[in-house]
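One-letter residues, chain by chain:
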Amino acid sequence: MALSMRLSRGGSKKRPYYRIVVADGRAPRDGKFIEKIGTYNPLLAKDSPERVKLDDERAKYWLSVGAQPTDRVARFLDAMGVKERAARNNPNKAVPGEKAKERAEERAEKAKAAAEAAAAPAEETAEA
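Residues numbered from 1 in each chain as written. Predicted model: local features only at pLDDT ≥ 70, side-chain atom pairs only at ≥ 80, totals over all residues. Heavy atoms only, no water.

(A) Representation of the side chain of S8 within the structure. The topology assignment puts S8 in strand 1 (residues 3–12). Reaching out from S8, the side chain makes a polar contact with the backbone oxygen of R29 at a distance of 3.4 Å. If near-sequence neighbours (up to four positions away) are discounted, S8 is found in contact with Y17, Y18, R19, V21, R29 and D30. (Helix = DSSP H or I, 4+ residues; strand = E, 2+ residues; numbered from the N terminus. Polar contact = N/O pair within 3.5 Å; in protein donor to acceptor, adjacent residues only side chain to side chain. Contact = heavy atoms within 4.5 Å.)

Encoded structure:
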């Protein structure tokens, strides 16, 4: 059985509240879980101690038996010092896509054409 440490959503519409749970990887997100090991309230301030509550001893146990944390839970575990999380780097994230590049080229061509058109009448009036 593949174990997963993940967030299970609760709360009402537009007011999320999450439980940090250990569940079978095949179970639905908000479905049956094995154990609740903490909570996460994203509506609280980032420096609030009530924002993330996590039982670190149980988290260490579940990691030792093979539970795989999701990226968000891994961040919480790293912040608590339970499990080291390698920093990710995506240098291509800021590079625009193909269509955005095409649109930028079209805008540059139109701006160049407009500048040439504006400069041409100015030259004709200077010659006259």
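Moving on from the coordinates now.
(B) Local environment of the sheet that holds strand 1. Strand order in this open sheet of five strands is 4-3-2-1-5, and the pairing throughout is mixed. If you trace the sheet from one side to the other, it starts and ends with strand 4 (52–54) and strand 5 (68–69), each paired once. Pairing between strand 1 and strand 2 (residues 15–24): 10 bridges, direction antiparallel. In the strand pairing of strand 2, M5 is matched with V22. Of the strands in this sheet, strand 1, strand 2, strand 3 (35–40), strand 4 and strand 5 touch helix 1 (residues 56–64), which is tilted by about 125° from strand 3. Helix 2 (residues 71–80) rests against strand 1, strand 2, strand 3, strand 4 and strand 5 of the sheet, and its axis sits at about 100° to strand 1. (Pairing = 2+ DSSP bridges. Axes fitted to C-alpha atoms, helices over the stretch in contact; angles between N-to-C directions.)

(C) The packing of aromatic side chains, seen in detail. Within the structure shown, the criterion is met by three aromatic pairs. Judged by centre distance (5.8 Å) and plane angle (25°), the rings of Y18 and Y40 are stacked. Here Y18, found in strand 2, pairs with Y40, found in strand 3; they are 22 residues apart in sequence, far enough to count as distant. As far as burial versus exposure is concerned, Y18 and Y40 are alike and both buried. A ring pair is formed by Y61 and W62, whose centres lie 5.1 Å apart and whose planes are at 70°; its orientation type is edge-to-face. According to the relative accessible area criterion, Y61 is partly exposed, its value standing at 38%. An aromatic cluster of at least three residues, connected via ring pairs, comprises Y18, Y40 and F76. (Phe/Tyr/Trp six-rings, centres within 6.5 Å; stacked < 30°, edge-to-face > 60°. Buried < 20%, exposed > 50% of the residue type's maximum accessible area, 1.4 Å probe, protein only.)

(D) View of a negative patch on the surface. A cluster of acidic side chains, namely E98, E102, E105, E106 and E109, defines a negative patch on the protein surface. Following the sequence through the fold, E106 ends up in helix 3 (residues 98–127). By relative accessible area, which is 46% here, E106 ends up partly exposed. (Patch = residues over 30% accessible without salt bridge, like charges linked within 9 Å, V, L, I, M, F, W, Y side chains within 5 Å. Areas by Shrake-Rupley, 256 points an atom, 1.4 Å probe, with all protein chains shown as cover. Salt bridge = Lys/Arg side-chain N within 4 Å of Asp/Glu carboxyl O. Lys, Arg positive; Asp, Glu negative; His and termini not counted. Charge placed at Lys NZ, Arg CZ, Asp CG, Glu CD.)

(E) A look at the pairing of strand 2. Counting buried residues in strand 2 gives seven out of 10 residues, a clear majority hidden from the surface. Where strand 1 hands over to strand 2, the hairpin turn is made up of two residues, of which K14 adopts a positive phi near 65°. Direction of pairing for strand 2 relative to strand 3: antiparallel, over a ladder of five bridges. By the bridge assignment, Y18 is partnered in strand 3 with Y40.

(F) Seen up close, the pattern of salt bridges. Per the stated rule, a full pass over the model turns up six salt bridges. Measuring nitrogen to oxygen at the nearest pair gives 2.9 Å for the salt bridge that ties E35 to R58. Linking E35 in strand 3 with R58 in helix 1, this pair joins segments that are 23 residues apart in sequence. A network of salt bridges, in which partner residues are shared, links D71, R75 and R85.

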